[in-house]
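Chain and residue survey
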Amino acid sequence: KAGVTQTPRYLIKTRGQQVTLSCSPISGHRSVSWYQQTPGQGLQFLFEYFSETQRNKGNFPGRFSGRQFSNSRSEMNVSTLELGDSALYLCASSWGTGGMNTEAFFGQGTRLTVV
Amino acid sequence: SQQGEEDPQALSIQEGENATMNCSYKTSINNLQWYRQNSGRGLVHLILIRSNEREKHSGRLRVTLDTSKKSSSLLITASRAADTASYFCATDVKAGGTSYGKLTFGQGTILTVHP
């Protein structure tokens, strides 16, 4: 069974540009969550999608957005990149039904560097 | 904000010794999950313990949960050099059904196992 796949693995962008990251969840999983990991702030929740609907959102500016497709694959977009957006972006896949038994499985991440 | 606090922040041991990491959290949870991360790569899911469980085992891992103290511990027995990594606890917060997809992470414990 394939795991969570994130592409690309590495990205270098210039300030002011925009970037799109992709995440393919485990087959059958309908929930995809996105996280940002930085040395200073640790792992922070960006947003979650379930059946193409955003159900939950973290405390990030509107420059961070996402979407989910009918096959559960998800993309996140960051517009007008800032140096502080340099981070490891991780996506997590789960069944999405919530409750005590919901395990979340992560991809390898996309390392974004903004110069 | 980080719900979880982990201690110690860093732990250095010799191969064969046991490693214990602790995690505290602030609010009611559905479950608590432990993850391992090697050198800024993706998070590997280790174990999930439900809020109605007190102890769980998986191979060399033993996790305990004390909901009255809002704390958990991860014990790795007979550590190996390959266990060298950062370990994170993550809570699925029980908050009126709005926690979908959102795991709240601690800052992590950096474990170094010397051969």
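About the thresholds
Residues numbered from 1 in each chain as written. Chains lettered and ligands numbered in written order. Predicted model: local features only at pLDDT ≥ 70, side-chain atom pairs only at ≥ 80, totals over all residues. Heavy atoms only, no water. Helix = DSSP H or I, 4+ residues; strand = E, 2+ residues; numbered from the N terminus. Rg over C-alpha atoms; globule rule 2.2 N^0.38 Å. Buried < 20%, exposed > 50% of the residue type's maximum accessible area, 1.4 Å probe, protein only. Contact = heavy atoms within 4.5 Å. Lys, Arg positive; Asp, Glu negative; His and termini not counted. Charge placed at Lys NZ, Arg CZ, Asp CG, Glu CD. Pairing = 2+ DSSP bridges. Buried area = accessible area lost by both parts, 1.4 Å probe. Nonpolar A, V, L, I, M, F, W, Y, C, P; charged D, E, K, R; others polar. Disulfide = S-S within 2.5 Å. Phe/Tyr/Trp six-rings, centres within 6.5 Å; stacked < 30°, edge-to-face > 60°. Lys NZ or Arg CZ within 6 Å of the ring centre and 35° of its normal.

1. Considering the overall build of chain B
In terms of helices and strands, chain B carries zero helices and eleven strands. For chain B, the α and β elements follow one another from N to C terminus as β-β-β-β-β-β-β-β-β-β-β. Relative to its length of 115 residues, chain B is compact, with a C-alpha radius of gyration of 14 Å against a globular reference of 13 Å. For chain B, the C-alpha atoms occupy an extent of roughly 45 × 30 × 20 Å along the three principal directions. Put simply, chain B has 115 residues, and 48% of those count as buried. Considering only contacts within chain B whose residues lie at least 6 apart along the sequence, 57% involve residues at least 24 apart. The centroid of the 13 positive side-chain charges in chain B is displaced by 6 Å from the centroid of its 10 negative side-chain charges.

2. What to know about the pairing of strand E4 (residues 29-37) of chain B
Residues and elements named next belong to chain B. Within E4, eight of the nine residues are buried, which leaves the element mostly enclosed by the surrounding structure. Where E4 lies against strand E9 (residues 85-93), eight bridges are found, and the strand directions are antiparallel. Residue pairing in the sheet places Tyr-35 in a bridge with Phe-88 of E9. Taken together, the seven bridges between E4 and strand E5 (residues 43-50) define a ladder with antiparallel strand orientation. Residue pairing for E5: Leu-32 is matched across the bridge by Ile-49.

3. Observations regarding the interface of chain B and chain A
Each side of the interface is counted separately: chain B has 25 residues, and chain A has 28 residues. Summing the contributions of chain B and of chain A, the shared interface buries around 2,100 Å²; its carbon and sulfur component is 49%. Breaking the side of chain B that touches chain A down by element, the ones donating at least two residues are E4, E5, E9 and strand E10 (103-105) of chain B. Split into classes, the residues belonging to the side of chain B that touches chain A amount to seven nonpolar, 14 polar and four charged.

4. Focus on the state of the cysteines
Residue and element names in this part refer to chain A. In the structure shown here, the tally under the stated rule is two disulfides over all chains. Between the sulfur atoms of Cys-23 and its disulfide partner Cys-91 the distance amounts to 1.9 Å. On the sign convention where negative is left-handed, the bridge of Cys-23 and Cys-91, at about 65 degrees about the S-S bond, is right-handed. With Cys-23 in strand E3 (residues 19-24) and Cys-91 in strand E9 (residues 87-94), the pair connects residues that are 68 residues apart, well separated along the chain.

5. A closer look at the packing of aromatic side chains
Residues and elements named next belong to chain A. Tallying each qualifying case throughout the model produces nine aromatic pairs over all chains. When the centroid spacing of 5.2 Å and the interplanar angle of 65 degrees are considered together, the rings of Phe-60 and Phe-64 count as edge-to-face. Accessibility classification places Phe-60 together with Phe-64 in one group, the buried group. For Arg-55, the ring lying beneath its charged end belongs to Phe-50, and the centroid distance is 4.2 Å.

By themselves, these observations are geometric and do not establish any function.
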